[in-house]
Amino acid sequence: MIDSYCISIPALRGPVPLSHLFLGNFLREGHTAVDATCGNGHDTLLLARLVGVSGHVWGFDIQEQAIAETGSRLAEAGLSSRATLLKTGHEELVQHVTGSVQVVLFNLGYRPGGDRSIITQPDTTVVALGQSLGLLAAGGIVLVTVYPGHDGGDEEQLAVENWAAKLDPRAFHSWRMGQANVSLEAPYLIFVQKGL
Ligand SMILES: C[S@@+](CC[C@H](N)C(=O)[O-])C[C@H]1O[C@@H](n2cnc3c(N)ncnc32)[C@H](O)[C@@H]1O
């Protein structure tokens, strides 16, 4: 049973609710999804709800506390069995995830409420993005919430933009989506779909 979230009207305050809108449209019972940056587990929980009892979620984070927080959130919702959580960098995605996946989700930057010096890094992010494309099923998507505003965020933004711009348009649909009436430093979404 898919959560009613995906048929309610979300308030689109920023790229994270926008990414959730896409997830609700792309993920179905039995699908496989990757949360490349678990953080506090909000996204992982949504993914676990959407893939249903026969689907699976792979969650990555380099911080013990992020994995613990995400694990507790899933346990509270009774959904622990739908996810495998790894205290591992997403640049090791392909060493752990096998088979094709419908969604890979990145929510870059630092963990809200956590240590702001621990942030995603351009080099490892780009490696993980490249690996994600190799895992995608036809029609599958990679969603990246980019945060240009924090220290180091502009370098990562540049790396992600370069990666997205160079994708072959015959193989991938690569999109940039941001709110127009906010600062240029506000977070926004990069969305890549593998061709059908
Ligand atoms: C903005 S937070 C993610 C928010 C999360 N999706 C949520 O729903 O709360 C970014 C996370 O990326 C993690 N991170 C940083 N480098 C990473 C890497 N190489 N691999 C996986 N996670 C990483 C950080 O530890 C942090 O928890």
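The following refers to the structure shown. (Residues numbered from 1 in each chain as written. Predicted model: local features only at pLDDT ≥ 70, side-chain atom pairs only at ≥ 80, totals over all residues.)

This part is about the overall build of the protein chain. Across its full length, the protein chain carries six helices and seven strands. When the helices and strands of the protein chain are placed in sequence order, the string is α-β-α-β-α-β-α-β-α-β-α-β-β. Taken against the 2.2 N^0.38 rule, which gives 16 Å for 196 residues, the C-alpha radius of gyration of the protein chain at 15 Å falls within 12% of a compact globule. Taking the principal axes of the C-alpha coordinates as reference, the protein chain spans close to 40 × 40 × 35 Å. In the protein chain, which comprises 196 residues, the share counted as buried stands at 41%. Look at the contacts in the protein chain between residues 6 or more apart in sequence, and 73% of them connect residues 24 or more apart. (Helix = DSSP H or I, 4+ residues; strand = E, 2+ residues; numbered from the N terminus. Rg over C-alpha atoms; globule rule 2.2 N^0.38 Å. Buried ≥ 20, exposed ≤ 12 C-beta atoms within 10 Å, placed from the backbone. Contact = placed C-beta atoms within 7 Å.)

On to the packing of helix H1 (residues 15–26) against helix H2 (residues 42–51), then. Contact geometry for H1 and H2: axes closest at 10 Å, N-to-C directions at 20 degrees. Looking at the two axes, H1 sits roughly parallel to H2. Handedness of the H1/H2 crossing: right-handed. Here His20, Leu23 and Gly24 of H1 come into contact with H2, specifically with Leu46, Leu47 and Leu50. (Axes fitted to C-alpha atoms, helices over the stretch in contact; angles between N-to-C directions. Parallel < 35°, antiparallel > 145°, perpendicular 65-115°, else oblique. Left-handed = near helix turned anticlockwise from the far one by under 90°.)

Moving on to the site of the ligand. The ligand sits among 23 residues. The nearest are Thr37, Gly39, His42, Gly89 and Arg111. Here the residues of the shell around the ligand are counted per class, giving seven nonpolar, 12 polar and four charged. (Near = placed C-beta within 6 Å. Nonpolar A, V, L, I, M, F, W, Y, C, P; charged D, E, K, R; others polar.)

This part takes up the nonpolar core. The biggest cluster of nonpolar side chains holds 43 residues, and the ones touching the most others in it are Ala33, Val34, Leu47, Val103 and Leu105. Once you skip the residues sitting within four places of it in the chain, Leu105 turns out to touch Ser19, Ala33, Val34, Asp35, Ala36, Asp43, Leu47 and Leu143. (Core = buried A, V, L, I, M, F, W, Y, C linked by C-beta atoms within 7 Å.)

With that out of the way, let us pick up the pairing of strand E7 (residues 188–194). By the alternation rule, side chains of E7 split into Tyr188, Ile190, Val192 and Lys194, which are all buried, and Leu189, Phe191 and Gln193, of which none is buried. For strand E5 (residues 136–146) and E7, the ladder comprises six bridges, and the chain directions are antiparallel. Across the sheet, Leu143 pairs through a bridge with Phe191, a residue of E7. (Pairing = 2+ DSSP bridges.)

What follows deals with H2. With nine of 10 residues buried, H2 lies mostly within the body of the structure. Three or more residues of H2 are buried, namely Asp43, Thr44, Leu45, Leu46, Leu47, Ala48, Arg49, Leu50 and Val51. Tucked inside the fold, the buried residues of H2 contact H1, strand E1 (32–35), strand E2 (56–60), helix H3 (64–76), strand E3 (83–86) and strand E4 (101–107). Following H2 by one or two positions, Gly52 adopts a phi angle in the positive range, close to 70 degrees.

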